[in-house]
Amino acid sequence: MRMQSQPSATDISEGELIGRFEAFIAAESFPCVGAKSALSRGQIIYRIENTLRGGPAASTVAALQQFSHEYDRDSPLFQSVVVLFRQPGTLTEDAFESVLWQYLDSMHHADAVHHAWDPRVSKDPKSADFSFSVGGRGY
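Residues numbered from 1 in each chain as written. Predicted model: local features only at pLDDT ≥ 70, side-chain atom pairs only at ≥ 80, totals over all residues. Heavy atoms only, no water.

Novice: Quick one: what's the story with the environment of Lys-36, residue by residue and with numbers?
Specialist: Tracing the sequence through the fold places Lys-36 in helix H2 (residues 33–40). Residue Lys-36 is classed as partly exposed on the basis of its relative accessible area of 25%. Between the alpha carbons of Lys-36 and Ala-26 there is a distance of 6.3 Å; along the sequence they are ten residues apart. In contact with Lys-36, other than residues within four places in its own chain, are Ile-25, Ala-26, Ala-27, Glu-28 and Phe-30. Only 3.5 Å separates the side chain of Lys-36 from the backbone oxygen of Ala-26, close enough to count as a polar contact. (Helix = DSSP H or I, 4+ residues; strand = E, 2+ residues; numbered from the N terminus. Buried < 20%, exposed > 50% of the residue type's maximum accessible area, 1.4 Å probe, protein only. Contact = heavy atoms within 4.5 Å. Polar contact = N/O pair within 3.5 Å; in protein donor to acceptor, adjacent residues only side chain to side chain.)

See the structure below:
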């Protein structure tokens with residue numbers, strides 16, 4: 001008898017992953033009106049990564065840099081880039097925080113080759129004025 005293996009997280013299709021995310025945002029219990037608005041108006045750009053570990057793909061960094069250059073602050077529409085990960089699966093809150101900061105640090109180093117940190121925001125995560133910067137724009 002041959003055992004059927006369970007599909008791995010990397011087997012999840014892009015469409016299924018995006019569908020799950022959109023259902024999460026669309027749920028009545030989800031509180032962010034900006035995310036709901038961006039979703040309903042088709043103003044979300046998606047990037048799919050296999051894992052949060054190991055840093056971002058060059059194409060994800062490039063997409064965020066492009067978004068930063070094209071972002072229209074004066075637009076009445078909410079605009080978002082969402083990076084979805086097929087893995088890492090289940091992490092403790094502390095482990096997730098650690099892996100996320102490592103991912104963002106890797107993104108910063110890739111971005112810093114071409115862009116300075118947005119001078120309107122602080123680089124210090126402990127500062128009240130901290131914002132992550134990519135493509136020369138703080139978020």
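Novice: Could you give an account of the nonpolar core, naming the residues involved and the relevant values?
Specialist: Counting 13 residues, the largest nonpolar core has Phe-21, Tyr-46, Val-82 and Leu-84 as the members making the most contacts within it. Elements supplying a minimum of two residues to this core: helix H1 (14–26), H2, strand S1 (44–49) and strand S2 (80–85). With four residues, the top contributor of residues to this core is H1. Other than its neighbours up to four places away in sequence, Phe-21 contacts Tyr-46, Val-82 and Leu-84. Residues Val-61, Val-99, Trp-117 and Val-134 belong to the second largest nonpolar core, which totals eleven residues. (Core = buried A, V, L, I, M, F, W, Y, C linked by side-chain atoms within 4.5 Å.)

Novice: Before we move on, could you go through the pairing of S1 and cite the residues and values that matter?
Specialist: Remember that side chains alternate between the two faces of the sheet whenever the strand is regular. Where S1 lies against S2, six bridges are found, and the strand directions are parallel. Of the residues in S2, the one forming a bridge with Tyr-46 is Val-82. Of the crossover connections in this fold, the one passing from S1 over helix H3 (residues 58–70) to the parallel S2 is right-handed. (Pairing = 2+ DSSP bridges. Right-handed = clockwise from strand over helix to strand, strands pointing away.)

Novice: Which residues make up the side chain of Gln-79, and what values go with them?
Specialist: Tracing the backbone shows Gln-79 in the loop between H3 and S2. By relative accessible area, Gln-79 is classed as buried at 18%. With residues up to four places along the chain from it excluded, the contact list for Gln-79 reads Gln-43, Phe-67, Tyr-71 and Asp-72.

Novice: Please give an account of the pattern of salt bridges that cites residues and values.
Specialist: Summed over all chains, the structure comprises two salt bridges. Residues Glu-16 and Arg-20 are paired through a salt bridge, measuring 2.7 Å at the closest nitrogen-oxygen approach. Taken together, the residues span about one helical turn, with Glu-16 and Arg-20 both in helix H1 at a distance of four residues. Residue class for Arg-20 comes out partly exposed when judged on its relative accessible area of 47%. (Salt bridge = Lys/Arg side-chain N within 4 Å of Asp/Glu carboxyl O.)

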